[in-house]
Amino acid sequence: MHHTNNNFAQGSIASHITRLTIPMTIAQLINILYNIIDRVFIGRMPEDSTNALTGLGIAFPICTLTIAFANLIGTGGGPLFSIERGKGDDKEAEMILGNSFIMLIITGIIISLLVSLVKSPLLYLFGASEATFGYAYDYISIYLTGTIFVMLSLGLNYFINAQGFAKTGMATVSIGALCNVILDPIFIFGFDMGVKGAAYATVISQFLSTLWTTGFLLGKRTEIKLKVSAFRLKGHRVRKILSLGLSGFTMQITNGATQIVCNKMLSIYGGDFYIAAMTIINSVREIVTLGVTGVGSGTQPVISYNYGAAQYDRVKYAIRLMGKILLIYTTAAWLFVMVFSHQLVIFFNNEPSLLPIATTSMHIYFFGFFMMMFQFTGQTVFQALGKAKFAMFFSLLRKVIIVIPLTCLLPMIPAIGVKGVFLAEPISNFIGGLACFMTMYVIIYKRLGKAE
């Protein structure tokens with residue numbers, strides 16, 4: 001067993017979660033700045049800003065694809081890494097870290113090459129029009145050159161946080177985000193590069209984050225380091241990492257698939273203005289969801305570590321505490337969006353014709369947002385305990401089985417029309433969230449420790 005300050009099997013659960021959650025939440029907020037800042041500056045370009053903003057929305061599912069593969073490896077390797085640390089098996093934890101590092105590099109290269117070959121038809125498939133295609137093409141062409149940096153900076157940060165170095169994990173994204181905030185206006189307006197400038201700023205920022213992350217995991221402060229001896233891929237480790245990571249991967253992939261379907265249906269039933277509205281809504285969703293993901297990310301290492309150490313009462317307490325925090329936060333976030341939706345839309349774009357469309361759509365999309373608490377609590381527990389099949393199923397249930405079909409079917413009802421695209425999300429929160437939480441409670445929580 002570890003005899004360091006990062007032994008989560010000892011001390012206050014609430015203290016451990018707080019110590020990890022606060023910097024992780026701040027890190028989530030800063031990480032969101034990569035894409036949010038791009039949209040804010042692009043939305044205020046002096047010419048054709050709405051089409052440029054829509055172009056970014058069209059390209060965003062490809063960015064989501066990259067994040068999904070980073071999550072595939074990070075959310076798969078991270079909990080396994082924590083469980084082995086809880087058992088006191090540092091050697092196996094080291095091998096999981098090394099294998100994950102190589103997998104991130106290989107996957108980043110493959111994504112960059114494959115997507116580059118088919119990006120034009122993909123963008124049209126995702127809903128690009130003649131007015132928006134050029135912006136989407138320029139942005140994604142440059143973004144793909146930095147895919148490997150996105151993979152490493154996001155994927156490796158899970159292993160920094162899993163060791164209890166949440167402040168260092170926060171610094172990882174802070175460095176890149178600060179660089180992005182500085183470079184965006186310089187490239188977009190100063191060099192008059194527009195959308196291309198936003199993409200270059202993002203790539204450079206992710207590169208700097210990668211240098212920091214790998215440097216820390218090679219340095220003296222970290223408990224378990226990156227070592228060349230752990231780089232040799234082993235089939236059983238790769239399978240375990242991918243199996244558990246499929247949940248985080250599926251959540252991102254299905255988010256991307258949902259964005260694609262939404263953009264396509266909006267282009268049919270609404271047009272470019274509705275796609276721009278959805279781009280703004282997705283930006284707001286990223287911001288308000290950061291508290292949820294921050295709490296989940298801060299609780300997961302504590303749950304995994306105590307599970308590996310067979311401290312099941314502490315695991316249950318951590319689950320209850322996480323649920324209470326998430327319920328309070330998601331309710332507050334829902335009320336905030338309902339009250340300040342008008343101001344949130346103006347923050348991204350002040351086009352008079354867009355304002356009423358985006359405001360009304362935002363009210364529909366975020367209705368009952370507090371129900372997301374149930375989905376995230378269940379998913380975090382499944383992920384933390386290595387229950388890959390449950391995590392995978394409920395990732396698919398909410399988006400693939402509920403959201404995507406509803407997004408296609410609801411707009412066909414004359415009385416609902418284009419509003420149906422935005423209505424699919426709250427319906428899925430109620431159905432999918434309750435199903436995920438109740439399954440976790442009955443199958444996992446109530447039986448925890450009894451059959452271990």
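Look above for the structure.
This text gives an overview of the structure that appears in the document. These figures come from a predicted structure and were not determined experimentally.

**A short note on the layout of surface pockets**
Empty space among the atoms becomes visible once a probe the size of a water molecule is rolled across them.
Next up, step 1: Of the pockets and cavities examined, the largest pocket occupies roughly 180 Å³.
Next up, step 2: If you trace the largest pocket, you find it lined by L80, I83, E84, K87, K240, S243, L244, Y307, G308, L385, G386 and A388.
Next up, step 3: For the lining of the largest pocket, the secondary-structure elements that each account for two or more residues are α2 (49-87), α8 (235-269) and α9 (272-308).
Next up, step 4: Looking at the lining of the largest pocket, its residues break down into 6 nonpolar, 3 polar and 3 charged.

**Quick notes on the packing of α2 against helix α5 (residues 147-162)**
To characterise two packed helices, one gives the angle between the axes of the helices and the distance between these axes.
Next up, step 1: Where α2 meets α5, the axes come as close as 8 Å, and the angle between the chain directions of the two elements is 20°. Relative to α5, the element α2 is oriented roughly parallel. Between α2 and α5 lies a crossing of right-handed hand.
Next up, step 2: Partitioning the contact of α2 with α5 into residue classes produces 11 nonpolar, 9 polar and 1 charged.

**What to know about empty space enclosed by the protein**
Next up, step 1: Within the structure shown, the criterion is met by 4 cavities of 30 Å³ or more.
Next up, step 2: Taken as a whole, the second largest cavity holds about 100 Å³ of empty space.
Next up, step 3: Around the second largest cavity, the lining comprises 14 residues; the ones closest to its centre are T258, C262, Y365, K399 and E425.
Next up, step 4: Of all the secondary structure elements, the ones that give two or more residues to the lining of the second largest cavity are α8, α9, α13 (388-409) and α14 (419-445).

Criteria and thresholds
- Residues numbered from 1 in each chain as written.
- Predicted model: local features only at pLDDT ≥ 70, side-chain atom pairs only at ≥ 80, totals over all residues.
- Heavy atoms only, no water.
- 1 Å grid on protein atoms, 1.4 Å probe; cavity = no way out; pocket = protein on both sides within 12 Å on 5 of 7 lines; lining within 4 Å.
- Points joined across faces, edges and corners; volume = space filled by probe spheres on them.
- Helix = DSSP H or I, 4+ residues; strand = E, 2+ residues; numbered from the N terminus.
- Nonpolar A, V, L, I, M, F, W, Y, C, P; charged D, E, K, R; others polar.
- Axes fitted to C-alpha atoms, helices over the stretch in contact; angles between N-to-C directions.
- Parallel < 35°, antiparallel > 145°, perpendicular 65-115°, else oblique.
- Left-handed = near helix turned anticlockwise from the far one by under 90°.

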